[in-house]
2 protein chains.
Amino acid sequence: MSTNYLMATERVLHMKDGLRETSYAKNSLLQRKVAMKVKIILEENVKRMMSNINIESCCKIADLGCSSGPNALITMSNILNIMYNASLSLNKRVPRVFQIYLNDLFGNDFNSIIKLIPDFYQSIHQEKRGNFGTCFIHATPGSFYGRLFPDNYIHFFHSSYSLHWLSQAPKTSSNIAIPLNKGNVYITSTSSSSVYEAYFKQFEKDFKLFLKSRSEELRSGGIMVLTFIGRDKTRKINNPAEVIGMVLNGMVQEGLVEEEKLDFFDLPIYGPSAEEVGQVIEREGSFTLQTLKTIKIGWDANLEEEVDDGILDSKIRGEFIAKSIRAVLEPILSAEFSEDIMDELFSRYANLVAQLIEVETLEYTNVVVTLTKHS
Amino acid sequence: MSTNYLMATERVLHMKDGLRETSYAKNSLLQRKVAMKVKIILEENVKRMMSNINIESCCKIADLGCSSGPNALITMSNILNIMYNASLSLNKRVPRVFQIYLNDLFGNDFNSIIKLIPDFYQSIHQEKRGNFGTCFIHATPGSFYGRLFPDNYIHFFHSSYSLHWLSQAPKTSSNIAIPLNKGNVYITSTSSSSVYEAYFKQFEKDFKLFLKSRSEELRSGGIMVLTFIGRDKTRKINNPAEVIGMVLNGMVQEGLVEEEKLDFFDLPIYGPSAEEVGQVIEREGSFTLQTLKTIKIGWDANLEEEVDDGILDSKIRGEFIAKSIRAVLEPILSAEFSEDIMDELFSRYANLVAQLIEVETLEYTNVVVTLTKHS
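The rules we used
- Residues numbered from 1 in each chain as written.
- Chains lettered and ligands numbered in written order.
- Predicted model: local features only at pLDDT ≥ 70, side-chain atom pairs only at ≥ 80, totals over all residues.
- Heavy atoms only, no water.
- 1 Å grid on protein atoms, 1.4 Å probe; cavity = no way out; pocket = protein on both sides within 12 Å on 5 of 7 lines; lining within 4 Å.
- Points joined across faces, edges and corners; volume = space filled by probe spheres on them.
- Helix = DSSP H or I, 4+ residues; strand = E, 2+ residues; numbered from the N terminus.
- Nonpolar A, V, L, I, M, F, W, Y, C, P; charged D, E, K, R; others polar.
- Phe/Tyr/Trp six-rings, centres within 6.5 Å; stacked < 30°, edge-to-face > 60°.
- Buried < 20%, exposed > 50% of the residue type's maximum accessible area, 1.4 Å probe, protein only.
- Expected span 1.5 Å × (residues − 1).
- Contact = heavy atoms within 4.5 Å.
- Buried area = accessible area lost by both parts, 1.4 Å probe.
- Salt bridge = Lys/Arg side-chain N within 4 Å of Asp/Glu carboxyl O.
- Polar contact = N/O pair within 3.5 Å; in protein donor to acceptor, adjacent residues only side chain to side chain.
- Pairing = 2+ DSSP bridges.
- Core = buried A, V, L, I, M, F, W, Y, C linked by side-chain atoms within 4.5 Å.
- Disulfide = S-S within 2.5 Å.
- Least-squares fit on C-alpha atoms with pLDDT ≥ 70 in both.
- pLDDT = per-residue confidence, 0-100.

**A closer look at empty space enclosed by the protein**
Argument step 1. For the structure shown, the criterion picks out 5 cavities of 30 Å³ or more.
Argument step 2. Quantified by volume, the largest cavity comes out at close to 130 Å³.
Argument step 3. Around the largest cavity, the lining comprises 14 residues; the ones closest to its centre are B:Gln31, B:Ala35, B:Asn71, B:Ala72 and B:Thr75.
Argument step 4. Listing elements by their share of the lining of the largest cavity, those giving two or more residues are helix H2 (23-52), helix H3 (71-89) and strand E4 (154-160) of chain B.
Argument step 5. Ranked by residue count, the leading element in the lining of the largest cavity is H3(B), at 5 residues.
Argument step 6. Looking at the lining of the largest cavity residue by residue, the classes come out as 5 nonpolar, 7 polar and 2 charged.
Argument step 7. In this structure, the second largest cavity spans a volume of roughly 70 Å³.
Argument step 8. If you list the elements that add at least two residues to the lining of the second largest cavity, you get helix H2 (23-52), helix H3 (71-89) and strand E4 (154-160) of chain A.

Take a look at the structure:
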């Protein structure tokens, strides 16, 4: 694909400019940065797939947890680009037709992605010049912790920054009257082993169901590339959610938040370690692990991109991180703790992050896996 | 499918109750009434299709111009029900997996349909009992005057109340400075033959492109059932759009609307006669016409359903029709003539319809066609 095609991709991104100060756009930039780091892994694996199978008629690609911004279409531009280049370097014919399925939950704002599709189609069309296939984009609503497609249907599954969301928060198996994770909303370095176990159990259950569902839907010879927030066991703070718990704890002490509410609430997210991911994939048994890598990226990585010298004081960093985390977690937190305390919560959050960032390196440990189905 | 399954369908419809007084709900009811009248044609043709082909793995169904209400899912419930019964009566296995593709333009509110899907899935699941297949619903945005799916992909195309929308309003081929349809926004009984010709030409061009695109996408042995607003050549008034032109003309006389605006604006709709439909299908050449029927339905048919004795004065009918037409035409009319005059326009519209209804039978002539691909 030529530069012109990539410029069209940039145009899709450009549509967010007017929203630069909203936290959604900031989040999209972080996810985009991660996607850029994963690109080389994508390239290797798409190339391997295309050397193994002949996609004669229609190549089916699915993006799981596409969310509602322009990221999903940028990712698809990249993937089509990679497929095109892989076809050329392998001296193979480029697939003539692509069906792209964008998946997210039923409550996702699909309308906002769909409005970007005409520009996307036009960029493909402009670049086609008879060499590149036609694209049909479909939205597929539903949970990826279950079936989304017929058997042996998809050639290439992609998912970025979605699989750390669990289908539900972990529960204690025994007595529901006793809180699993008193005084916190997520795992922290001081959590008891039962908290870890409950979270891991939920992740294992969900991820196994995800793998089983996808193995039924993936065509023989197809691949799956997954990127999600994981955990580095050697680190003290792994996830912005841990800091949310600290802030809420302080607010309980001051009587601003009900103690019981905090005690019984947990976020439905889990960052597995690379070892845990490998373990669950092996236990589930449908897939062969081709790649398992971790990629580190600062909580404020996308902020650094926007300033010339990359030097910023911790206050600005704290505020920036608070804003971007608020965009992701506010809906679920305000439903539980009321909207009234959100300003206070994230103002304290910004301050606490500003303090922590002076003594800790706050970064995501992203896990990237590439899987092929057992033949 | 059992009564229970149909009840679930009704539940989907029931979700509109809170909106009873909005014109969208009213429109949905009209379309639903048409769909009910088309059901027997659907049944015959689905049965014929299922006796001709074996849908072994996955049955693919597309609804073209699904709009944004619950109608699309009600239609799909009916079609699945018909397929189930046809399989039983033919002593065939019910298809194991269905993929349903809901199509409409990029600006359509897909989110509102997608939010209804979980209930729809649940109703299918409850009724499945091992006999009925799994359903996957996808949204496919794009114009049906062009390609939407890969070659030989869909088993059954359905479209109701969409194909009377043209891809654009007709244009005069010669001098664009001379209005095609002076003093009107649509064909009337007094329109010159050049107006008719321009509208028919646009319809023919669009409908041929529609047929060509669908013939490429339809699988051998598949069928297509289309219902749209047509025209009865013997009638004086065929379409509510004709009355819009009369009202705007009156407003021009009173200086409330610019004459030039009215002269150069035409609605992008066309109601073809049954003969014209047959003619274009034959000329295009990809399909065999299996059924060509006309079904008449009053402009206020859904109003009659809601009153016990069916007797209503013309003022109430006029207001009701104005409200339901406003829901469909306001966006396009207010973009052209400004939102400010909409209340006045539709108040006059209601009065004029109330007068006309005393002397004319105001009803839609719907054209229903069933097509199979030339083998």
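**Structural notes on the packing of aromatic side chains**
The way to describe two aromatic rings as a pair is by their centre distance and the angle between their planes.
Argument step 1. Enumeration over the complete set of coordinates arrives at 37 aromatic pairs over all chains.
Argument step 2. Pairing A:Phe149 with A:Phe157 gives two aromatic rings, centres 6.1 Å apart and planes at 50 degrees, and the pair type is tilted. A:Phe157 carries the same exposure label as A:Phe149, and that label is buried.
Argument step 3. Centroid distance B:Phe203 to B:Phe207: 5.2 Å. Interplanar angle 20 degrees. Geometry classified as stacked. Note that B:Phe203 and B:Phe207 are positioned in helix H6 (residues 193-217) at a spacing of 4 residues, about one turn of the helix. Pair check on accessibility: B:Phe203 and B:Phe207 agree, each one buried.
Argument step 4. Through a chain of ring-to-ring contacts, three or more aromatic side chains come together here, namely A:Phe144, A:Tyr145, A:Tyr186, A:Tyr199, A:Phe200, A:Phe203, A:Phe207, A:Phe210, A:Phe228 and A:Tyr270.

**Digging into helix H7 (residues 240-253) of chain A**
Residue pairs three or four apart in sequence face the same way in an α-helix, which turns once every 3.6 residues.
Residues and elements named next belong to chain A.
Argument step 1. For H7, built from 14 residues, the straight-helix expectation of 20 Å at 1.5 Å per residue is met to within 8% by its first-to-last C-alpha distance of 21 Å.
Argument step 2. By the burial criterion, the buried members of H7 are Pro240, Ala241, Glu242, Val243, Ile244, Gly245, Val247, Leu248, Met251 and Val252.
Argument step 3. Of the surrounding secondary structure, the elements contacted by the buried residues of H7 are helix H8 (259-264), helix H11 (314-337), helix H12 (342-359) and strand E7 (363-373).
Argument step 4. At the exit of H7 stands Gly255, carrying a positive phi of roughly 75 degrees.

**Remarks on the interface of chain B and chain A**
Argument step 1. With 28 residues of chain B at the interface, the matching set in chain A holds 29 residues.
Argument step 2. Where chain B abuts chain A, roughly 2,100 Å² becomes buried across the two surfaces, and 62% of that area is made up of carbon and sulfur atoms.
Argument step 3. Run the count over chain B and chain A and you get 2 salt bridges.
Argument step 4. B:Asp151 serves as the salt-bridge partner of A:Arg96, at 3.4 Å between the closest nitrogen and oxygen.
Argument step 5. Inspection of the region where chain B meets chain A yields 16 residue pairs in polar contact (both at pLDDT 80 or more).
Argument step 6. Elements with a minimum of two residues in the side of chain B that touches chain A: strand E1 (58-64), strand E2 (97-104), helix H4 (110-114), helix H5 (117-128) and strand E3 (134-141) of chain B.
Argument step 7. It is E3(B) that provides the largest number of residues to the side of chain B that touches chain A, a total of 6 residues.
Argument step 8. Classifying every residue of the side of chain B that touches chain A by side-chain character gives 17 nonpolar, 5 polar and 6 charged.

**Structural notes on the pairing of E4(A)**
Residue and element names in this part refer to chain A.
Argument step 1. Across the 7 residues that make up E4, a large majority, 7, are buried.
Argument step 2. Where strand E1 (residues 58-64) meets E4, 3 bridges bridge the pair, whose relative direction is parallel. Bridge pairing links Ile61 to Phe156 in E4.
Argument step 3. Relative to strand E5 (residues 218-229), E4 is paired through 6 bridges, and the arrangement is parallel. Its bridge partner being in E5, His158 is matched across the sheet by Val225.

**Here we look at the nonpolar core**
Argument step 1. Counting 231 residues, the largest nonpolar core has A:Phe207, A:Tyr349, B:Phe207 and B:Tyr349 as its most contacted members.
Argument step 2. Once residues lying within four places of it in the same chain are set aside, the contact partners of A:Tyr349 are A:Pro240, A:Val243, A:Ile244, A:Val247, A:Trp299, A:Ile321, A:Ala322 and A:Ile325.

**Quick word on the pairing of E1(A)**
As a general feature of sheets, a regular strand has side chains that alternate between the two faces.
All names here are of chain A.
Argument step 1. Among the 7 residues in E1, 7 count as buried, and that is most of the element.
Argument step 2. Here E1 shows no split at all, with Cys58, Lys60, Ala62 and Leu64 on one side and Cys59, Ile61 and Asp63 on the other all buried.
Argument step 3. Here 7 bridges tie E1 to strand E2 (residues 97-104), and the two strands are oriented parallel to one another. Residue pairing across strands places Asp63 opposite Leu102, the latter belonging to E2.

**Focus on the state of the cysteines**
Argument step 1. Going through the model one piece at a time under the given rule, you end up with 0 disulfides over all chains.
Argument step 2. Residue A:Cys59 stays outside any disulfide, its sulfur separated by 7.1 Å from that of A:Cys58, the closest cysteine.
Argument step 3. Look at A:Cys59 and you get buried, because its relative accessible area is 0%.
Argument step 4. For B:Cys135, which is in no disulfide, the shortest distance to another cysteine sulfur is to B:Cys59 and amounts to 9.3 Å.

**Concerning the side chain of A:Asn239**
All names here are of chain A.
Argument step 1. With respect to the helices and strands, the residue Asn239 is situated in the loop between E5 and H7.
Argument step 2. Residue class for Asn239 comes out buried when judged on its relative accessible area of 9%.
Argument step 3. Non-local contacts of Asn239, meaning those with residues more than four positions away in its chain, are made with Tyr186, Ile229, Ile269 and Trp299.

**What to know about the relation of the copies chain B and chain A**
Argument step 1. For these two chains of identical sequence, chain B goes onto chain A by a turn of 180 degrees and a shift of 0.0 Å along the axis, with RMSD 0.0 Å. Seen this way, the second copy is the image of the first under a two-fold rotation axis. Closest approach to the rotation axis among the C-alpha atoms of chain B is made by B:Ala139, whose C-alpha sits 2.4 Å away.
Argument step 2. Same-surface contact between copies: 100% of interface residues of chain B are shared with the interface of chain A.

**As for the pattern of salt bridges**
Residues and elements named next belong to chain A.
Argument step 1. Summed over all chains, the structure comprises 38 salt bridges over all chains.
Argument step 2. A salt bridge links Asp263 to Lys182; the nearest nitrogen and oxygen atoms lie 2.9 Å apart. Highlighted residues: Asp263 in helix H8 and Lys182 in the loop between E4 and helix H6 (193-217), separated in sequence by 81 residues.
Argument step 3. Salt-bridge contacts for Lys315 lead to Glu319; the nearest nitrogen and oxygen are separated by 3.0 Å.

**Examining the confidence of the model for chain A**
Residues and elements named next belong to chain A.
Argument step 1. Confidence in the prediction for chain A averages 84 pLDDT; 87% of positions are at 70 or higher.
Argument step 2. When the elements of chain A are averaged for pLDDT, helix H1 (residues 3-14) gives the smallest value, 27, and helix H9 (residues 274-284) the largest, 97.
Argument step 3. This model gives residues 1-26 a pLDDT under 50, and the stretch forms 49 contacts once residues within four places in sequence are excluded.

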